[in-house]
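Given next are the chains, with one letter for each unit.
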Amino acid sequence: MTDTTAAPATGASLSAAGKPATKPARPHFSSGPCAKPPGYDPAKLATDVLGRSHRSKLGKQRLQYCIDLMRELLRLPDTHRIGIVPGSDTGAYEMAMWTMLGARPVTALAWESFGEGWVTDAVKQLKIDPTVIRADYGQLPDLAQVDWSNDVLFTWNGTTSGVRVPNGDWIADDREGLSFADATSGVFAYDLPWDKIDVATFSWQKVLGGEGAHGVLILGPRAVERLESYTPTWPLPKVFRLVSKGKLSEGIFKGETINTPSMLAVEDAIWSLEWAKSLGEDGLIARSDANATALDRIVAERDWLGHLAEDEASRSKTSVCLTVAGADEALIKKMASLLEAEGAAYDVAGYRDAPPGLRIWCGATVDTADIEALGPWLDWAYAQARA
């Protein structure tokens with residue numbers, strides 16, 4: 001394994017450093033779509049359902065099997081429904097907002113770009129006047145300010161800021177409103193408290209390393225009650241409709257998708273889920289934790305690297321966002337380009353709306369050895385970019 005001891009902090013010493021001898025075996029550190037699981041090969045996917053109707057007996061069986069695998073892995077209680085819906089995580093969260101908001105006042109938490117996106121949709125599209133509790137990138141809002149007589153919108157793990165909620169303790173057990181968790185970078189990486197979550201959304205493309213385009217919507221019993229007792233004042237597009245004749249459309253949660261899914265993407269997700277099942281949710285969490293710990297060591301050994309999320313308790317273990325001393329957008333772009341050209345790391349520049357920095361995905365499909373091998377390459381790219 002390549003030595004990850006920090007290079008000297010001075011520009012002259014850094015620029016003298018040569019290219020490291022060892023590259024990450026799989027240099028895929030994108031925060032979405034994320035690295036495929038170890039051993040993945042498209043040739044391993046089951047293909048019998050391709051070219052068949054998703055409403056055929058076989059199509060429904062495969063969709064239901066995908067749902068069953070997700071339920072088993074997440075240890076989801078029988079009280080919660082799980083469905084495959086259009087539009088990736090964004091589509092799933094929009095579906096939840098458009099079908100359930102408006103019954104109660106709304107509080108929206110925003111500390112990164114996707115949380116701000118939900119604020120924009122609530123204000124400009126749904127014409128709701130939410131209470132907005134904000135924090136800067138790298139910070140978490142004061143969760144004690146949340147009024148749980150309201151419906152509450154939040155991201156469990158902020159993909160673009162590297163900041164997450166530390167746990168579910170801040171969510172009131174006796175809440176009157178619903179908790180809406182955009183959990184796309186958190187599901188399968190944390191042991192989520194399902195009794196605290198009324199609505200959760202995610203995409204296969206994150207911790208599972210699956211494909212985009214399809215989202216997953218999880219509804220607790222209180223969310224189902226809302227859907228069956230409340231009708232929004234605004235019109236609903238067909239792809240958002242979860243209720244028929246005042247009752248939940250249960251078929252959506254049994255593999256009868258609203259519109260035509262990509263069965264190739266479904267088979268890709270099934271392969272990833274079967275790989276994940278071999279580890280169990282605890283095994284997935286352990287892999288993410290090990291990767292985040294390895295990256296922490298790299299940061300600690302370098303005085304030019306830091307965490308955007310300074311509070312470890314609210315620091316993401318999947319989408320880890322790093323600060324770079326003296327960096328502007330041009331320097332980060334140069335570093336990312338150098339690393340990609342060498343095949344040492346792909347897609348590590350921070351999100352476009354975030355402060356200039358690096359973003360390293362540490363989810364379960366990444367191997368810890370590849371995180372460890374990344375450190376010396378970051379030294380090299382930083383020296384080259386500054387020179």
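Residues numbered from 1 in each chain as written. Predicted model: local features only at pLDDT ≥ 70, side-chain atom pairs only at ≥ 80, totals over all residues. Heavy atoms only, no water.

Draft legend 1. Local environment of a positive patch on the surface. A contiguous patch of positive charge, built from R55, K60, K238 and R241, is present on the exposed surface. With respect to the secondary-structure elements, R241 resides in the loop between α5 (221-229) and β10 (243-244). (Patch = residues over 30% accessible without salt bridge, like charges linked within 9 Å, V, L, I, M, F, W, Y side chains within 5 Å. Areas by Shrake-Rupley, 256 points an atom, 1.4 Å probe, with all protein chains shown as cover. Salt bridge = Lys/Arg side-chain N within 4 Å of Asp/Glu carboxyl O. Lys, Arg positive; Asp, Glu negative; His and termini not counted. Charge placed at Lys NZ, Arg CZ, Asp CG, Glu CD. Helix = DSSP H or I, 4+ residues; strand = E, 2+ residues; numbered from the N terminus.)

Draft legend 2. The arrangement of the packing of aromatic side chains in detail. According to the stated counting rule, one finds 10 aromatic pairs in the structure shown. With 5.7 Å between their ring centres and 50° between their planes, W148 and W170 make a pair best called tilted. With W148 in the loop between β3 (131-134) and β4 (151-155) and W170 in the loop between β6 (163-164) and β7 (179-182), this pair connects stretches of sequence that are 22 residues apart. Centre to centre, the rings of F154 and W170 are 4.9 Å apart; their planes meet at 80°, and the pair counts as edge-to-face. Placement of the pair is F154 in strand β4 and W170 in the loop between β6 and β7, with a sequence separation of 16 residues. Each member of the pair F154 and W170 is classed as buried. Put simply, the rings of W148, F154, W156 and W170 pair up and form one aromatic cluster. When the ring centre of Y40 is taken as reference, the NZ or CZ atom of K36 above it lies at 4.7 Å. (Phe/Tyr/Trp six-rings, centres within 6.5 Å; stacked < 30°, edge-to-face > 60°. Buried < 20%, exposed > 50% of the residue type's maximum accessible area, 1.4 Å probe, protein only. Lys NZ or Arg CZ within 6 Å of the ring centre and 35° of its normal.)

Draft legend 3. The packing of helix α6 (residues 263-300) against helix α8 (residues 368-386), seen in detail. Where α6 contacts α8, the two axes come as close as 9 Å, and the packing angle between them is 20°. Taken together, the axes of α6 and α8 lie roughly parallel to each other. Between α6 and α8 lies a crossing of right-handed hand. Only T368, I371, E372, G375 and L378 of α8 make contact with α6, whose side of the interface consists of A290, N291, A294, L295, R297 and I298. Within the contact of α6 with α8, the residues separate by chemical class into 6 nonpolar, 3 polar and 2 charged. (Axes fitted to C-alpha atoms, helices over the stretch in contact; angles between N-to-C directions. Parallel < 35°, antiparallel > 145°, perpendicular 65-115°, else oblique. Left-handed = near helix turned anticlockwise from the far one by under 90°. Contact = heavy atoms within 4.5 Å. Nonpolar A, V, L, I, M, F, W, Y, C, P; charged D, E, K, R; others polar.)

Draft legend 4. How the structure looks around the environment of D48. Tracing the sequence through the fold places D48 in the loop between α1 (11-16) and α2 (57-74). Placed 10 residues apart in sequence, D48 and L58 show a C-alpha to C-alpha distance of 8.6 Å.

Draft legend 5. View of α8. Taking 1.5 Å as the rise per residue, α8 with 19 residues should run 27 Å; its terminal C-alpha atoms sit 28 Å apart, in good agreement. Of all the bends found along α8, the most pronounced is centred on G375 and spans about 30°, while P376, a proline, follows it within four residues. The buried fraction of α8 amounts to 14 of the 19 residues, a majority that puts the element mostly inside the structure. (Expected span 1.5 Å × (residues − 1). Bend = angle between axes of the 7 residues up to and from the residue.)

Draft legend 6. Broad picture of the pattern of salt bridges. Evaluated as defined, the whole model comprises 21 salt bridges. Residue D367 pairs with R287 through a salt bridge whose shortest N-O separation is 2.8 Å. Of this pair, D367 sits in the loop between β14 (357-361) and α8 while R287 sits in helix α6, and the two are 80 residues apart along the sequence. Classification of R287 by relative accessible area gives partly exposed; the value is 22%. Connected via shared salt-bridge partners are R26, R287 and D367.

Draft legend 7. Main features of the nonpolar core. In this structure, M70, W156, F188 and W204 are the most contacted members of the largest nonpolar core, which totals 87 residues. Beyond its immediate sequence surroundings of up to four residues, F188 is in contact with L73, L74, F202, V207, L208, L273, E281, L284 and I285. Core analysis: the second largest hydrophobic core is formed by 34 residues, Y93, A110, V224 and Y230 among them. (Core = buried A, V, L, I, M, F, W, Y, C linked by side-chain atoms within 4.5 Å.)

Draft legend 8. View of the confidence of the model for the protein chain. Chain-level pLDDT for the protein chain is 95 on average; 96% of the residues reach the 70-or-more range. The low-confidence segment residues 1-16, where pLDDT is below 50, has 30 contacts with residues more than four positions distant or belonging to other chains. (pLDDT = per-residue confidence, 0-100.)

Draft legend 9. Main features of helix α3 (residues 88-100). When the terminal C-alpha atoms of α3 are compared, their 19 Å separation across 13 residues agrees well with the 18 Å that a helix rising 1.5 Å per residue should span. Among the 13 residues that make up α3, 12 are buried, leaving the element largely enclosed by the rest of the structure. If you check which residues of α3 are buried, you get S88, D89, G91, A92, Y93, E94, M95, A96, M97, W98, T99 and M100. Where α3 ends, the next residue or the one after it, G102, has phi of about 110°, a positive value.

Draft legend 10. A look at the packing of α3 against helix α4 (residues 113-125). For the pair α3 and α4, interaxial distance at closest approach is 11 Å and the crossing angle is 40°. When the axes of α3 and α4 are compared, the pair comes out oblique. Crossing angle aside, the handedness with which α3 passes α4 is right-handed. Contacts between α3 and α4 involve T90, Y93, E94, M97 and W98 from the first element and W118, D121, A122 and Q125 from the second. Of the residues contributing to the contact of α3 with α4, the split by class is 5 nonpolar, 2 polar and 2 charged.

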